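# A structural walkthrough
Here is how the chains run, residue by residue.
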Amino acid sequence: MLRSLCVSLSGLFLLSSAGAQCVTAFPSNEAFTGFTVGTPGTLVNNWANITSGDDLDWWVDKNGTPTALTGPIGDHTVNATSGNYMYVEATGALNSPNKSAILESPCYNISALSSPYLTFWYHLHGSQQGALYVDINANGTITTNLWSISGNQGLLWKQGWLNLAPWAGQTNLRIRFRAVTGSGELSDIGLDDVAVRNLTPVFGCNEATAANYNSSVNINNGTCSYACPAGQNRVK
């Protein structure tokens, strides 16, 4: 009887320890600043490359990816070559075509969030570009293709988002970023500034230099316009 009680208490302790590792302080922002550049580099804060079910790893990088005409040249956080971001390298027969890499976040306990939202910044530049997907691992149950983007998205970082309301109350939620390289080496895929938080989304343009700037916007949906009024020209 005593042994059974000890085992039970031990099991409770393990469950408690596992729960304690989940992120409970929000907003939770990951800019990959504390990660060490490498192939794949050193991932911290309980971020991890999935070791089964995919082909490649996400790498920690800065100062531009090695292949011209694809990949970011700097991070999104500080818009500089000195800042870190994560990316998937598409060069080489083992890296493309159609090779996948899954990056998984730490566990989030979002039970205290009334309007949980995921936002992040992605970079898909290249004429042979593939696709980026967001999957959810909720206490071991994986739901795929909840958000996706594919094809060449241009030179700039763009914002993605996912409403996490369907998982409200979840105490063990992990985000998976699944990159799939395209038809060749011009399909590097980047990721930066991942945030989980309470958010009432206001979509639009929050870039101060745009003609349609709106200070109340908290999610940039790619609608920023830099067109000048009639009779005026933009000075570069």
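These remarks concern the structure in this document. (Residues numbered from 1 in each chain as written. Predicted model: local features only at pLDDT ≥ 70, side-chain atom pairs only at ≥ 80, totals over all residues. Heavy atoms only, no water.)

### Structural notes on the packing of aromatic side chains
Under the definition given, this model contains 12 aromatic pairs. Ring geometry for W47 against F177: centres 6.5 Å apart, planes inclined by 20°, an arrangement best described as stacked. Here F177 lies in strand β10 (residues 173-180) and W47 lies in the loop between β1 (28-30) and β2 (48-49), a separation of 130 residues in the sequence. Note on accessibility: W47 and F177 belong to one class, buried. With a centroid separation of 5.1 Å and an interplanar angle of 50°, the aromatic rings of W161 and F203 are classed as tilted. Here W161, found in strand β9 (residues 158-163), pairs with F203, found in strand β12 (residues 203-204); they are 42 residues apart in sequence, far enough to count as distant. One aromatic cluster is present, built from ring pairs that chain together F32, F35, W47, F120, Y122, W147 and F177. The residue whose ring lies beneath R178 is Y133, and the NZ or CZ to ring-centre distance is 4.4 Å. (Phe/Tyr/Trp six-rings, centres within 6.5 Å; stacked < 30°, edge-to-face > 60°. Helix = DSSP H or I, 4+ residues; strand = E, 2+ residues; numbered from the N terminus. Buried < 20%, exposed > 50% of the residue type's maximum accessible area, 1.4 Å probe, protein only. Lys NZ or Arg CZ within 6 Å of the ring centre and 35° of its normal.)

### Considering the pairing of strand β11 (residues 189-198)
Of all 10 residues in β11, 8 are buried; the element is thus mostly enclosed. As paired elements, β1 and β11 share 3 bridges and run antiparallel to each other. Directly across from E30, in β11, lies its bridge partner V194. Bridge analysis of strand β4 (residues 85-88) against β11 gives 3 bridges, and the strand direction is antiparallel. Bridge pairing in β11 links Y87 to G190. Of the pairings in the sheet, the one linking strand β6 (residues 116-124) to β11 comprises 8 bridges and is antiparallel in character. Pairing of T119 across the sheet is with A195, part of β11. (Pairing = 2+ DSSP bridges.)

All we've got here are geometric facts, nothing functional implied.
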